[in-house]
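Understanding the architecture of this molecule
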Amino acid sequence: MKVLKRYANRRLYDPETSKTITLEDVAEMIIAGEEIKVIDNMSGQDITPKILGQTFLKVSLGQRNEEFSNYMLSALIRETGKDISALFGRLVLGGIGLAYLTKEKMDRILQSMVALGELRLEEVKSYREDLLTHLAQRASENSEQIQEDLKKVGRELEEGGEKELAVEDLSEKIRKIAERVKESEPL
């Protein structure tokens, strides 16, 4: 985990590289799979959620899609005012951030839900098992679809003599199959 510091002048600083960084730099780190933690240098307080929120706004508004940004932030505000455990389940099952969700991170999230009273301790095990069961079912469905797609590509290759198959078409089909395989990777 990369620890960043924010100074009184509101600048972010990476102690590892001894450089000042921008919110765009933070976004690049996150996109690259880096976990970050931001500490306010004066108070020592963890301000990571605040910096992540600012980063999301900066990046999404930079894409000039204000409607999407407004929709996403409004939806998150509405959803976090309700049942966090349900929102977490929908995010995971929807595949949002799934590639970066480790068992340890899931456990920490579930522990914080318990600490905040959003999930009872005796529910944690069944909640985790239900979530993993749903993920396994989706992975199985994806696996079946991937196998069908591979068979289809194989048939098209065999028929290549009769019908000219463009290399670009084949590459695109293989790319899509590879994306499905990546989405199917378990926790």
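The structure we're discussing is the one just above.
Residues numbered from 1 in each chain as written. Predicted model: local features only at pLDDT ≥ 70, side-chain atom pairs only at ≥ 80, totals over all residues. Heavy atoms only, no water.

Residues F88, V92, L110, M113 and Y127 are the most contacted members of the largest nonpolar core, which totals 13 residues. Within the residue set of this core, elements represented by two or more residues are α4 (84–93), α5 (103–115) and α6 (124–158). Among the elements that make up this core, the one with the highest residue count is α6 (four residues). With residues up to four places along the chain from it excluded, the contact list for Y127 reads S85, F88, G89, L110, M113 and L119. (Core = buried A, V, L, I, M, F, W, Y, C linked by side-chain atoms within 4.5 Å. Buried < 20%, exposed > 50% of the residue type's maximum accessible area, 1.4 Å probe, protein only. Helix = DSSP H or I, 4+ residues; strand = E, 2+ residues; numbered from the N terminus. Contact = heavy atoms within 4.5 Å.)

Bringing helix α1 (residues 23–31) into the picture now. Considered for burial, the residues of α1 that qualify are L23, V26, A27 and M29. The buried residues of α1 all sit within an arc of 160 degrees when viewed along its axis, so they share a single face. Pointing more than 90 degrees away from the buried face of α1 are the exposed residues E28 and I31. At the N-terminal boundary of α1, the capping side chain belongs to T22, with an oxygen 3.3 Å from the backbone nitrogen of E24. Looking one or two residues past α1, G33 carries a phi angle of roughly 95 degrees, positive in sign. (Arc of directions from axis to C-beta. Polar contact = N/O pair within 3.5 Å; in protein donor to acceptor, adjacent residues only side chain to side chain.)

Of all the residues in α4, the buried ones are I84, S85, L87, F88, G89 and V92. G95 occupies a position one or two residues after α4 and carries a positive phi of about 85 degrees.

Moving on, we come to the packing of α4 against α5. Where α4 contacts α5, the two axes come as close as 10 Å, and the packing angle between them is 160 degrees. Taken as axis vectors, α4 and α5 run roughly antiparallel relative to one another. Once α4 is placed against α5, the crossing between them reads as right-handed. Between α4, through I84, S85 and F88, and α5, the contact on the second element is made entirely by M106, I109, L110 and M113. (Axes fitted to C-alpha atoms, helices over the stretch in contact; angles between N-to-C directions. Parallel < 35°, antiparallel > 145°, perpendicular 65-115°, else oblique. Left-handed = near helix turned anticlockwise from the far one by under 90°.)

Spatially, the four strands line up as an open sheet ordered β3-β2-β1-β4, and their pairing is mixed. Pairing within the sheet leaves two strands with one partner each, and these edge strands are β3 (19–21) and β4 (36–40). Strand-to-strand twist of the sheet, defined as the mean angle between neighbouring strand axes without regard to direction, takes the value 35 degrees. Relative to β4, strand β1 (residues 2–6) runs parallel, the two being bridged by five bridges. Looking across to β4, one finds that K2 is bridged to I36. Helix-sheet contacts for α1 involve β1, β2 (12–14), β3 and β4, and the interaxial angle to β3 is about 85 degrees. (Pairing = 2+ DSSP bridges.)

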